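# Coordinate inspection notes
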Amino acid sequence: MLKTRVIPSLLLRGAGLVKTTEFRNPKYVGDPINAIRIFNDKEVDELVLLDITASRTSKGPAFGTIENIASECFMPVAYGGGITSVDQIRRVLGTGVEKVVLNTAALRDPQLVRDAVGEFGSQAVVVSIDVKRKLFGRYEVYSEGGTKSTGHDPVVYARQMEDLGAGEILLTAIDRDGTMKGYDLDLVSKVTSVLGIPVIASGGAGSIADFAKASKQAGAAAVAAGAMFVFHGPHRAVLITYPDQAELSAVLK
């Protein structure tokens, strides 16, 4: 068993999977069911599935799609996108998903986090925090798929979410998303240093060495990656893959 969880982060747009760069220019990378079967074979720790248009279009979660995907997974799944109520959380968890990921909804209505934790437990509630690096090294939380500035400092906001009962934080550096240039270790360190709950580092992974840096240097309890698992070579050809457990163990145990 790996000490640090390694989590593929899959972006859902309609019925297909896409991958973005800095939260822009989504590129189609395949069918979600095919990707899930590959990750099943590789025995991944868990999976994060994020619908990147559900919140911006106010459509709400695509429950049928979520259920179809969850039914194929041999690993725990966390789903985020378009969730705005406890009733929707109940329906999502009823599809076989283990955790829900709240982002824009948590910013608009922090009480939703408390209510969800009260009904389903903190282990079922992940708060996703998308962050941009501003001038002079300042960080700011963004909502609605990285399109809207909130004015929130990610460290302060993460502590507020912990106080509301969130069981985990998914921390994504927007500027690193899809670049495969490594995690923003400064951002990860700032957040992990003030929290008592696990932080999943996201945005920028390009190698197993990046996983180790996020875990051992910056304190992340888990690492998420997208581009690293779906692109191959200098021309970013689509090839869904995952490191062998032996490779991961050598670096992360």
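Below you will find a few notes about this structure.

Rules used in this analysis
- Per chain, the residues get numbers from 1 upward, laid out in the order the sequence is written.
- Residue-level local features of this predicted model are given only where pLDDT is at least 70; pairs of side-chain atoms are given and counted only at 80 or more, and the full residue set underlies all totals for whole chains, interfaces and linings.
- Water and hydrogen atoms play no part in the side-chain values, which are based on all heavy atoms of the structure.
- Partly exposed residues are those whose accessible area sits between 20% and 50% of the maximum for their type, while under 20% is buried and over 50% is exposed, using a 1.4 Å probe and protein chains only.
- Put simply, DSSP H or I for four residues or longer makes a helix, DSSP E for two residues or longer makes a strand, and each gets a number counted from the N terminus.
- Between any two strands, pairing holds if DSSP finds at least two bridges.
- Seen with the strands pointing away from the viewer, any crossover whose path from the first strand over the helix to the second strand runs clockwise is right-handed.
- Residues enter a nonpolar core if they are buried and are Ala, Val, Leu, Ile, Met, Phe, Trp, Tyr or Cys, with the set joined through side-chain atoms within 4.5 Å.
- Here a residue-residue contact requires only that any non-hydrogen atoms of the pair lie within 4.5 Å.
- The angle between two axes is taken between their N-to-C directions and runs from 0 to 180 degrees, where each axis is a line fitted to C-alpha atoms and a helix contributes only its stretch in contact.
- Our angle categories are set so that under 35 degrees counts as roughly parallel, over 145 as roughly antiparallel, 65 to 115 as roughly perpendicular, and the remainder as oblique.
- For a crossing to be left-handed, the near helix must be turned anticlockwise from the far one by less than a right angle; the clockwise case is right-handed.
- Classification used: nonpolar for Ala, Val, Leu, Ile, Met, Phe, Trp, Tyr, Cys and Pro, charged for Asp, Glu, Lys and Arg, polar for all others including Gly.
- One side-chain nitrogen of Lys or Arg within 4 Å of one carboxyl oxygen of Asp or Glu is enough to make a salt bridge.

Next up on the list: the pairing of strand S5 (residues 77–80). Residue alternation in S5 divides its side chains into two sets, Val 77 and Tyr 79 and Ala 78 and Gly 80, and both sets are buried. With four bridges joining them, strand S4 (residues 47–51) and S5 adopt parallel strand pairing. Counterpart to Val 48 in the pairing with S5 is Ala 78. For the crossover from S5 across helix H4 (residues 86–94) to strand S6 (residues 99–102), the handedness is right-handed.

Here the focus is the nonpolar core. Side chains of a nonpolar character, in soluble globular proteins, are inclined to be buried together. Core analysis: the biggest nonpolar cluster contains 79 residues, and Phe 39, Val 113 and Phe 211 have the highest contact counts within it. For this core, the leading source of residues is helix H6 (residues 111–120), giving five residues. In this structure Phe 39 touches Pro 8, Leu 10, Val 44, Leu 47, Met 75, Phe 229, Ile 240, Thr 241 and Tyr 242, once residues within four positions along its chain are discounted. If you look at the next biggest cluster of nonpolar residues, it comprises 13 residues, including Leu 11, Ile 52, Ala 78 and Val 126.

Pairs of packed helices are described in terms of their axes, by the angle between the two and the distance that separates them. Interhelical geometry of helix H7 (residues 154–163) versus helix H8 (residues 185–192) gives an angle of 40 degrees and a closest axis separation of 9 Å. One element, H7, and the other, H8, form an angle in the oblique class. Considering how the two elements wind past one another, H7 and H8 form a crossing that is right-handed. Where H7 abuts H8, its residues Pro 154, Val 155 and Ala 158 lie against Leu 187, Lys 190 and Val 191. Of the residues that constitute the contact of H7 with H8, the class distribution is five nonpolar, no polar and one charged.

A few words on the pattern of salt bridges. Scanning the entire structure with this criterion turns up 15 salt bridges. Here Glu 72 ties to Arg 37 by a salt bridge, and the two come within 3.4 Å at their closest N and O atoms. Placement of Glu 72 in helix H3 (residues 63–72) and of Arg 37 in helix H1 (residues 32–41) is noted, with a sequence separation of 35 residues between them. A relative accessible area of 43% places Arg 37 in the partly exposed class. Between Glu 119 and Arg 90 there is a salt bridge whose closest N-O contact spans 2.3 Å. Note that Glu 119 is positioned in helix H6 and Arg 90 in helix H4, a separation of 29 residues in sequence. For Glu 119, a relative accessible area of 43% puts it in the partly exposed group. Beyond isolated ion pairs, a larger network of salt bridges with shared partners links Arg 5, Glu 46, Lys 99 and Glu 168.

In terms of residue burial, strand S1 (residues 5–13) counts as a mostly covered element, since eight of its nine residues are buried. As defined by bridge partners, S1 adjoins strand S12 (residues 222–225) across four bridges and the pair is classed as parallel. Bridging across to S12, Val 6 finds its partner in Val 223. In this sheet, S4 lies alongside S1 in parallel orientation, the contact comprising four bridges. Bridging across to S4, Leu 11 finds its partner in Leu 50. Where S1 meets strand S2 (residues 16–21), three bridges bridge the pair, whose relative direction is antiparallel. Pairing of Leu 11 across the sheet is with Val 18, part of S2. What sits between S1 and S2 in their antiparallel hairpin is a turn of two residues, with Gly 14 showing a positive phi close to 65 degrees.

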